[in-house]
Structure formats: structure tokens, C-alpha cells
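Here is what each chain is made of, one letter per residue.
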Amino acid sequence: MSGNIVNALTIDVEDYFQVSAFEPHIPRADWETLPGRLERNIELILRLLDEADAKATFFTLGWVAERYPELVRRIVDEGHELASHGYAHYRATDQTEARFLADIQLAKAVLEDICGKEVRGYRAPSFSIGRSNPWAFDSIVQAGYRYSSSVYPIRHDHYGAPDFPRFAHEVRSGLLELPVTTVRLLRANWPAGGGGYFRLMPYPIARWSLRRVNRRDGQPAVFYFHPWELDPDQPRVPGTSAKTRFRHYVNLRHMQRRIRRLLSDFRWDRVDRVFLEGRA
Ligand SMILES: [Zn+2]
């Protein structure tokens, strides 16, 4: 166990065919007919969390919740926090303000209807909020959320806002932004909060980065992963580029072991307990 800081563990609940990088290859109309893998993968995640006695926040698509209400209720019954990943996985950068607002309002209503509790958190698909669309934060406030975890302050070809604050801050009155964790090194921010990097780099680099954030910055980490990252046997999506394939499929086989190590090397809890407790 690394120190006393409790970190926030998050899972973006979407199926392998809903990933942004596959958007050009899989029309949304096909989502209904593709073989789903979420039940198996969420079961596995719940088991890993239970074994480690850890709780987490599940940023769930409204589309998923409508199709798997029992699974969503199980997540909540096991003591985890249910939060919103929007309804249909549209990136904020691809939407008008009105469509973005409608999507995140619908997701909140669907999720609250199923779990019977207030849904306070929202995460934009592909961390698609940054300097180009600050209006998105106003929409998140308007939809009634209390916090967002939608910014990854790194340089990346698909997302990222490297000049954004690295840690929790009130981005609007009553709305906290909780950026995914980066490590500051050589005058740049490096990803330390999950994603393809976590699968690509040796585990000790991730552990070193998170320890540095806990000890040197004195801050809790915000870490994320996806159910499909624990599923090496997921159906392959045809027609994708070599780069997309590499990013999506690299080291899936090692992920379960790595998540186990992560869970035992650090203390983890739900976002609301790590960041909202003690705040008005
Ligand atoms: Zn997503």
C-alpha cells in the first residue's frame, strides 16, 4: 500500500464497439446487433474490486443502462457509485451545445430512474472537453451534475488539454472538474491515469507515476479503465488502421494482472467519497 491518500478509481462503462476510435467503422445502428460483452466484463471487474475490498465510480452510458438495468443495479447494490458517460457516446467536440445538453440530460434521467439515486458525476466521451468548448461545463451545470471528470491534461492526437489545471478545481460555481491524473516531468504532463498508456508501459512506471502524484503533489489520483480492456477475447473490429488496432488491443492479456496489482498497491474509493465529502 502506498501511503494514506485514497485515490479515485473509475470505469467507463461502454462496450468494445462503442469506442470512439471505432466510430468510422461501426455505425450506431449496428450497436443493437453486435454481440455484447459487458455482462462478462462487468462481472469480472466487480469480482476484482470485491477481492481488493475497493469501491469505484462507474461512468455508464445511458444506452448501456437501458439494455442492462440489472447489471447497473448490481453495481449500485455492491456499494459503487453510478455516474454518467452521456447517453450515446457522442464526443462533446462533435456536438452542438443543444445536442450535448440533451444527451447528458437524458443519460442522467435514465440512470437515476434505474438506480433510484441522484447521479452526480459526468465524464465526456474521449475526454472531449478542453479550451475549444468551455460551454460544455455550463451545460453540465445546467443538467444538474455536481462534478465532471472530462479533461485529460496531456497532448494526444484524439484528445487532451495540456494547458488545463492538473488537479481538482471548481471550474464553474458548484461544479468540480476532476482531471484524469498526469505526472509532471521534464516540463510536460505525462499520462498516469489510465488508457492505452497503462497497457503499453511496464506496470512499475504507472506505479512510480501514481506514487509521485500522491507523495510529491500530495493529491489523490483519478484513474480510469474500460470493461473491454479486460477482455482479450472480444470480437475484432474489421477495417481499422494498424495504429487503432495497436492502441485498442495491445497487452489486453496482461490487464487483469495489472489491475490486481494496482488495486493492491494503492488505496481506492468512489469519486464522490474522495472529492465531494466535506464539500458543501
Ligand atoms: Zn467512453
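Here, every reference points to the structure presented above.
This structure is a prediction, so every number in the text was calculated from the model and none was measured.

Procedures and definitions
Residues numbered from 1 in each chain as written. Predicted model: local features only at pLDDT ≥ 70, side-chain atom pairs only at ≥ 80, totals over all residues. Heavy atoms only, no water. Buried < 20%, exposed > 50% of the residue type's maximum accessible area, 1.4 Å probe, protein only. Helix = DSSP H or I, 4+ residues; strand = E, 2+ residues; numbered from the N terminus. Pairing = 2+ DSSP bridges. Arc of directions from axis to C-beta. Contact = heavy atoms within 4.5 Å. Axes fitted to C-alpha atoms, helices over the stretch in contact; angles between N-to-C directions. Parallel < 35°, antiparallel > 145°, perpendicular 65-115°, else oblique. Left-handed = near helix turned anticlockwise from the far one by under 90°. Nonpolar A, V, L, I, M, F, W, Y, C, P; charged D, E, K, R; others polar. Donors = N, O, S within 2.8 Å, 3.2 Å for Na, K, Ca; no water. Core = buried A, V, L, I, M, F, W, Y, C linked by side-chain atoms within 4.5 Å. Phe/Tyr/Trp six-rings, centres within 6.5 Å; stacked < 30°, edge-to-face > 60°. Lys NZ or Arg CZ within 6 Å of the ring centre and 35° of its normal.

Here strand E3 (residues 81–84) shows a buried face lined by Glu-81 and Ala-83 and a second buried face lined by Leu-82 and Ser-84. Looking at chain direction, strand E2 (residues 57–60) and E3 are connected through four bridges and run parallel. Across the sheet, Thr-60 pairs through a bridge with Ser-84, a residue of E3.

Turning our eyes to something else, we now look at helix H5 (residues 135–142). Taken together, the buried positions of H5 are occupied by Ala-136, Phe-137, Ser-139 and Ile-140. Summarising the axial view, the buried residues of H5 lie within an arc of 160°, below the 170-degree limit, and thus occupy one face. Summarising the contacts, the buried residues of H5 are in contact with helix H4 (97–115), strand E4 (121–122), strand E5 (147–148), strand E6 (169–172) and strand E7 (175–177). Positive phi appears at Gly-144, one or two residues downstream of H5, with a value of about 95°.

The packing of two helices is summarised by the inter-axis angle and the distance between the axes. As a packed pair, helix H1 (residues 38–52) and helix H9 (residues 255–265) sit with axes 10 Å apart at the nearest point and diverge in direction by 30°. Between H1 and H9, the angle is such that the two are roughly parallel. Like other packed secondary-structure pairs, H1 and H9 cross with a definite hand, here right-handed. Taken together, the residues of H9 that come into contact with H1 (itself represented by Leu-44, Leu-48, Leu-49, Glu-51 and Ala-52) are Gln-256, Ile-259, Arg-260 and Leu-263. Of the residues contributing to the contact of H1 with H9, the split by class is six nonpolar, one polar and two charged.

Quick look at the coordination of the zinc ion now. Coordination sphere of the zinc ion, protein contribution only: Glu-14 (OE), His-85 (NE2) and His-89 (NE2), at 2.0 to 2.1 Å. Here the donor residues for the zinc ion map to a single chain with the spacing E-x70-H-x3-H. Residue class for His-89 comes out buried when judged on its relative accessible area of 2%.

Here we take up the nonpolar core. Membership of the largest hydrophobic core comes to 72 residues, with the highest contact counts inside it found for Phe-58 and Ile-259. Among the elements that line this core, the one with the most residues is H4, at eight residues.

Turning to H9, a few remarks are in order. Within H9 the residues assigned to the buried category are Met-255, Arg-258, Ile-259, Leu-262, Leu-263 and Asp-265. In this fold, the buried residues of H9 make contact with strand E1 (6–13), H1, helix H6 (196–200), helix H7 (203–215), strand E10 (222–225) and strand E11 (267–269).

With that settled, consider the packing of aromatic side chains. Counting across every chain of the model gives 17 aromatic pairs. Summarising the aromatic geometry, the rings of Phe-100 and Trp-135 are spaced 5.6 Å apart at their centres and angled 80° between planes, so their arrangement reads as edge-to-face. You can see Phe-100 sitting in helix H4 and its partner Trp-135 sitting in helix H5, a full 35 residues away along the chain. The exposure class assigned to Phe-100 is buried, which follows from its relative accessible area of 0%. By the ring-pair criterion, three or more aromatic residues cluster together here, those being Phe-198, Tyr-203, Phe-223, Phe-266 and Trp-268. The side chain of Lys-108 reaches across the aromatic face of Tyr-145, ending 5.7 Å from its centre. Directly above the aromatic system of Tyr-249 lies the positively charged group of Arg-236, at a separation of 4.1 Å from the ring centroid.

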